[in-house]
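Listed here are the chains, written in short residue letters.
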Amino acid sequence: LGIRAALRAEGAGHRIEVVWDAPARVPAATRRAAVAEDALLRRYAREADGVVTVGNRLARELKERHGLAATPAVVRNAPPLAAAAPRPEGGLRARCRLGPDIPLLVHTGPLTADRGPATVVEALPKLYDLHAAFVVPDPGHPRLSELRERAAQLGVHARLHVLPYVPVPEIMEFLASADIGVLPVHQ
């Protein structure tokens, strides 16, 4: 859409530069949707004036797959490191009401299947007293009811915690009390 708008503007005598922010690939809902998305990308990817993405491997793949003139710039999705970030009211461990001796795992971000939240829940019975916290953009997301239901089936529902995002300057301090962070990405 952006490329087509830029081409129309160029036809009217205006120069508009387009930067494609290429996200990590999320599997399409259907084969038909995947084919359509690939066709669109093949058609327009090389027309972008610049490309940014989230990781080095993906940048190399995009350059190769789409024949880009340059490797896309990598822009990490991470909060700025500040010397004196504000302390969030109670960190992750406090919000989960867990003492310092209880092992705590954290998974942050949207709960799409390819990000592996089900893998985390399925592993809990094997991880004894480990608690898992999901820090998500929408604590009311329908996917959460599926995870909670599965956790209940496995007898680990009391060890599953769901919390909303915190403001960006607070992220690092908020997550710091977790013992481990996971993102079991499925590709």
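Because the structure is predicted, anything quoted here is derived from the model rather than measured.

Novice: Explain the overall build of the protein here, please?
Specialist: Each helix and strand counted, the protein has seven helices and seven strands in total. Start at the N end of the protein and walk to the C end: the helices and strands fall as α-β-α-β-α-β-α-β-α-β-α-β-α-β. Relative to the 2.2 N^0.38 estimate, which gives 16 Å for 187 residues, the radius of gyration of the protein is 21 Å and therefore markedly larger than a compact globule would have. The dimensions of the protein, computed from C-alpha atoms along their principal axes, are 65 × 45 × 30 Å. In the protein, which comprises 187 residues, the proportion classed as buried is 32%. Carbon and sulfur atoms make up 56% of the accessible area of the protein, which amounts to about 12000 Å² in all. Taking the average location of the 24 positive side-chain charges in the protein and that of its 20 negative ones, the two points are 5 Å from each other.

Novice: Looking at this structure, how should I read the side chain of Arg143?
Specialist: Its location among the elements puts Arg143 in helix H6 (residues 142-154). In contact with Arg143, other than residues within four places in its own chain, are Leu111, Ala113, Pro117 and Ala118.

Novice: Sorry if this is basic, but what is going on with the side chain of His66 here?
Specialist: Mapped onto the secondary structure, His66 falls in helix H3 (residues 56-66). For His66, the contacting residues outside a window of four places in its chain are Trp20, Leu41, Arg42, Ala45 and Arg46.

Novice: Looking at this structure, I do not really get the packing of aromatic side chains. What am I missing?
Specialist: Two aromatic rings are characterised by how far apart their centres lie and by the angle between their planes. All chains considered together, the criterion is met by zero aromatic pairs. Over the ring of Tyr44 we find Arg43, and its NZ or CZ is 4.6 Å from the ring centre.

Novice: Looking at this model, I keep getting lost on unusual backbone geometry. Mind explaining?
Specialist: Excluding glycine, residues mostly have negative phi values, and the peptide bonds linking residues are mostly trans. The backbone of Arg97 shows a phi angle near 60 degrees, a positive value even though the residue is not glycine. Structurally, the position occupied by Arg97 is in the loop between helix H4 (92-95) and strand S4 (104-108). Phi at Tyr128 is positive, roughly 50 degrees, even though this residue is not glycine. Structurally, Tyr128 can be placed in the loop between helix H5 (117-123) and strand S5 (131-136). Owing to a relative accessible area of 69%, Tyr128 belongs among the exposed residues under this scheme.

Novice: Is there a simple way to explain the layout of surface pockets in this structure?
Specialist: Summary: where empty space remains is shown by rolling a probe the size of a single water molecule over the atoms. Its boundaries defined by the atoms lining it, the second largest pocket holds a volume of some 230 Å³. Every residue along the wall of the second largest pocket is listed here: Leu1, Gly2, Ile3, Val18, Trp20, Leu40, Leu41, Tyr44, Ala45 and Ala48. Every element with two or more residues in the lining of the second largest pocket is listed here: helix H1 (2-11) and helix H2 (31-44). Among the elements that make up the lining of the second largest pocket, the one with the highest residue count is H2 (three residues).

Novice: Help me understand the sheet that holds strand S6 (residues 160-164), please; the structure alone is not making it clear to me.
Specialist: Strand pairing in a sheet takes place through backbone hydrogen bonds and is either antiparallel or parallel in direction. With parallel pairing, the four strands of this open sheet are ordered in space as S6-S5-S4-S7. With one partner strand each, in any of the chains shown, S6 and strand S7 (180-181) form the two edges of the open sheet. In terms of strand pairing, S5 meets S6 through five bridges, oriented parallel. Looking at S6, one finds that Ala133 is bridged to His161. Lying over the sheet, H6 contacts S5 and S6, oriented at roughly 160 degrees with respect to S6.

Novice: Is there a simple way to explain the sheet that holds strand S1 (residues 19-22) in this structure?
Specialist: If you trace the three strands from one edge of the open sheet to the other, you get S1-S2-S3, paired in parallel fashion. Pairing within the sheet leaves two strands with one partner each, and these edge strands are S1 and strand S3 (73-74). As judged from the four bridges shared by S1 and strand S2 (residues 50-53), these two strands associate in the parallel manner. The partner of Ala22 across the bridge, within S2, is Thr53. Here H3 sits on the sheet and contacts S1, S2 and S3; the angle it forms with S1, its principal contact strand, is near 120 degrees.

What counts, and where the lines are drawn
- Residues numbered from 1 in each chain as written.
- Predicted model: local features only at pLDDT ≥ 70, side-chain atom pairs only at ≥ 80, totals over all residues.
- Heavy atoms only, no water.
- Helix = DSSP H or I, 4+ residues; strand = E, 2+ residues; numbered from the N terminus.
- Rg over C-alpha atoms; globule rule 2.2 N^0.38 Å.
- Buried < 20%, exposed > 50% of the residue type's maximum accessible area, 1.4 Å probe, protein only.
- Areas by Shrake-Rupley, 256 points an atom, 1.4 Å probe, with all protein chains shown as cover.
- Lys, Arg positive; Asp, Glu negative; His and termini not counted.
- Charge placed at Lys NZ, Arg CZ, Asp CG, Glu CD.
- Contact = heavy atoms within 4.5 Å.
- Phe/Tyr/Trp six-rings, centres within 6.5 Å; stacked < 30°, edge-to-face > 60°.
- Lys NZ or Arg CZ within 6 Å of the ring centre and 35° of its normal.
- 1 Å grid on protein atoms, 1.4 Å probe; cavity = no way out; pocket = protein on both sides within 12 Å on 5 of 7 lines; lining within 4 Å.
- Points joined across faces, edges and corners; volume = space filled by probe spheres on them.
- Pairing = 2+ DSSP bridges.
- Axes fitted to C-alpha atoms, helices over the stretch in contact; angles between N-to-C directions.

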